[in-house]
Amino acid sequence: MKQVNLGPNEVGAASVILGCMRITEAADPVKVIDTAMANGINFFDHADIYGGGKCEEIFAKAFKETGYHRDEIFLQSKCGIVPGVMFDFSKEHIISSVEGILKRLNVEYLDSLLLHRPDTLMEPEEVAAAFDQLESDGKVRYFGVSNQYSRQIQLLQKYVRQPLIINQLQFGVMHTGMVDFGLHVNMTDEASFDHDDGILEFSRLNDMTIQAWSPYQYGFFEGVFIGNEKFPELNLKLSEMAEKYGTTPTGIASAWILRHPANMQVIAGTMTPSRIEEIAKASDIQLSREDWYSIYLAAGNILP
Ligand SMILES: NC(=O)c1ccc[n+]([C@@H]2O[C@H](COP(=O)([O-])OP(=O)(O)OC[C@H]3O[C@@H](n4cnc5c(N)ncnc54)[C@H](OP(=O)(O)O)[C@@H]3O)[C@@H](O)[C@H]2O)c1
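Residues numbered from 1 in each chain as written. Predicted model: local features only at pLDDT ≥ 70, side-chain atom pairs only at ≥ 80, totals over all residues. Heavy atoms only, no water.

J.: Hey, could you run me through the pattern of salt bridges in this one?
T.: When charged atoms on two side chains of opposite charge get close, those side chains can pair. Counted by the stated rule, this structure contains 13 salt bridges. With its nearest N and O atoms 2.6 Å apart, the salt bridge here joins D45 to K78. Taken together, the residues D45 in strand 4 (residues 43-45) and K78 in strand 5 (residues 74-79) connect sequence positions 33 residues apart. Taking the relative accessible area as the measure of exposure, D45 reaches 2% and is therefore buried. (Salt bridge = Lys/Arg side-chain N within 4 Å of Asp/Glu carboxyl O. Helix = DSSP H or I, 4+ residues; strand = E, 2+ residues; numbered from the N terminus. Buried < 20%, exposed > 50% of the residue type's maximum accessible area, 1.4 Å probe, protein only.)

J.: Can you help me understand the site of the ligand in this one?
T.: Around the ligand lies a shell of 27 residues, among which R22, D45, T270, T272 and R275 are the nearest. Between the ligand and P215, the relevant distance is 3.3 Å, taken from an oxygen atom to a main-chain nitrogen or oxygen of the residue. Out of a free accessible area of 900 Å², the ligand has 87% covered by protein chains. Taken together, the residues of the shell around the ligand sort by class into 12 nonpolar, 11 polar and 4 charged. (Near = heavy atom within 4 Å. Polar contact = N/O pair within 3.5 Å; in protein donor to acceptor, adjacent residues only side chain to side chain. Areas by Shrake-Rupley, 256 points an atom, 1.4 Å probe, with all protein chains shown as cover. Nonpolar A, V, L, I, M, F, W, Y, C, P; charged D, E, K, R; others polar.)

J.: Hey, could you run me through the environment of E278 in this one?
T.: Position of E278 among the secondary structure elements: in helix 10 (residues 273-282). When the C-alpha atoms of E278 and S77 are compared, they prove to be 25 Å apart, with 201 residues separating the residues in sequence. Apart from the residues within four sequence positions on either side, E278 is in contact with T247, T248, T250 and G251. At 2.8 Å, the side chain of E278 forms a polar contact with the side chain of T248. (Contact = heavy atoms within 4.5 Å.)

J.: What is the right way to read the sheet that holds strand 10 (residues 164-170) from this model?
T.: Strands pair in a sheet through their backbones, by hydrogen bonds, and they do so in one of two ways: parallel or antiparallel. Taking strand neighbours around the barrel as the criterion, the 8 strands line up as 3-4-5-8-9-10-11-14 in a closed arrangement whose pairing is parallel. Between one strand axis and the next, the sheet turns by 30° as a mean value, whatever way the strands run. Taken together, the 5 bridges between strand 10 and strand 11 (residues 209-213) define a ladder with parallel strand orientation. Pairing of I166 across the sheet is with T209, part of strand 11. (Pairing = 2+ DSSP bridges. Axes fitted to C-alpha atoms, helices over the stretch in contact; angles between N-to-C directions.)

J.: So what exactly am I meant to see when it comes to the UniProt feature "domain: NADP-dependent oxidoreductase" (unreviewed entry) in the protein here?
T.: Feature annotation in UniProt places "domain: NADP-dependent oxidoreductase" (unreviewed entry) on residues 17-294, given in this structure's numbering. End C-alpha atoms of residues 17-294 are separated by 26 Å, and the span's content is 41% helix alongside 18% strand. (UniProt positions renumbered as here; feature names shortened; annotations may be inferred.)

J.: Help me out: how do you make sense of a nonpolar patch on the surface in this one?
T.: Together, M21, F220 and F221 make up a nonpolar patch on the protein surface, roughly 290 Å² of accessible area in all. In this structure, M21 sits in the loop between strand 3 (16-19) and helix 1 (29-38). (Patch = residues over 30% accessible without salt bridge, like charges linked within 9 Å, V, L, I, M, F, W, Y side chains within 5 Å.)

J.: Looking at this structure, I do not really get the packing of aromatic side chains. What am I missing?
T.: The description of two aromatic rings rests on the distance between their centres and on the angle between their planes. Going through the model one piece at a time under the given rule, you end up with 12 aromatic pairs. For the pair W213 and F221, a centre-to-centre distance of 5.8 Å together with 20° between the ring planes defines the contact as stacked. What makes W213 buried here is its relative accessible area of 12%. The exposure class assigned to F221 is partly exposed, which follows from its relative accessible area of 39%. On the numbers, 5.2 Å between centres and 80° between planes, the contact of W292 with Y293 is edge-to-face. An aromatic cluster of three or more residues is present, and its members are F171, W256, W292, Y293 and Y296. In this arrangement the basic side chain of R70 is found over the ring face of Y109, its NZ or CZ atom lying 3.9 Å from the centre. (Phe/Tyr/Trp six-rings, centres within 6.5 Å; stacked < 30°, edge-to-face > 60°. Lys NZ or Arg CZ within 6 Å of the ring centre and 35° of its normal.)

J.: How should I be thinking about the side chain of D111 in this particular structure?
T.: The topology assignment puts D111 in strand 8 (residues 110-115). Since its relative accessible area comes to 1%, D111 is described here as buried. At 2.9 Å, the side chain of D111 and the side chain of R70 are in polar contact.

See the structure below:
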């Protein structure tokens with residue numbers, strides 16, 4: 001399993017994360033966690049809203065059954081969304097959300113806490129106070145954000161003492177905005193629009209790790225592009241590359257993200273043990289520059 005370093009203190013972590021948004025009792029969670037651990041994926045991503053809190057509970061119960069210990073894993077969760085109602089970065093909400101997360105996960109501390117989506121009513125002093133309290137109480141070790149652009153992070157970091165070391169963003173072969181714009185500088189075509197305030201380069205400059213969510217999806221949860229007849233050219237290319245590198249199309253789609261020198265992590269949401277295994281194994285594949293670009297082009301992108 002390829003490792004990455006998180007933040008300025010270079011905290012070592014697996015490059016593949018198991019996302020627990022889709023964990024259910026029906027999916028044999030014990031086998032899912034066992035397979036992940038056996039293949040070097042010891043990093044698990046949660047959010048207080050996944051399954052309305054159920055996902056964290058299901059994970060906790062299954063994790064106990066596996067017999068692994070708390071200190072063998074990196075446990076991350078997110079807060080700040082009140083679904084359909086508002087975003088809430090108030091001190092009170094952050095603290096009470098973490099209390100709930102720890103209770104449902106049945107642990108004393110989180111390795112990392114991310115603020116899930118930006119709250120335009122954020123008062124950064126409140127976030128700073130919440131983070132200080134959570135850190136001094138030993139409830140959260142590291143902090144980060146999700147779906148935030150560069151200046152939002154700068155604003156928050158001006159007040160927060162702890163380095164913000166993670167930004168979770170949608171990224172994958174079929175969701176490449178942060179790359180497109182960097183390739184189309186000084187152009188006026190669609191790809192030249194910067195939707196994310198230079199977030200890729202900002203992350204690299206500030207030692208923030210991008211965690212790529214929904215890496216095998218196209219659109220906003222529209223479906224999986226792998227094996228999807230809507231994308232014949234891309235799938236042909238993924239199959240050709242899978243044969244060349246001795247993996248599967250899913251493995252290539254993961255290796256494509258990890259090939260970027262920004263040293264991202266892939267958050268895989270599959271609950272299928274064989275897929276977990278193929279994604280974990282593919283983390284060690286190093287695509288050539290030419291192959292990386294050929295996949296980018298096969299996804300329908302153009303180079304200026
Ligand atoms: N920060 C955020 O705003 C945010 C938003 C969304 C997600 N996330 C995080 O990202 C994680 C991953 O998200 P996701 O589940 O949408 O991403 P994903 O890994 O792209 O999608 C996984 C889904 O695709 C299915 N799938 C079908 N064919 C597949 C194939 N060949 N390879 C891989 N998967 C295939 C899986 O089904 P099977 O289970 O049947 O294999 C599963 O339902 C979440 O669990 C969550 O932790 C974060």
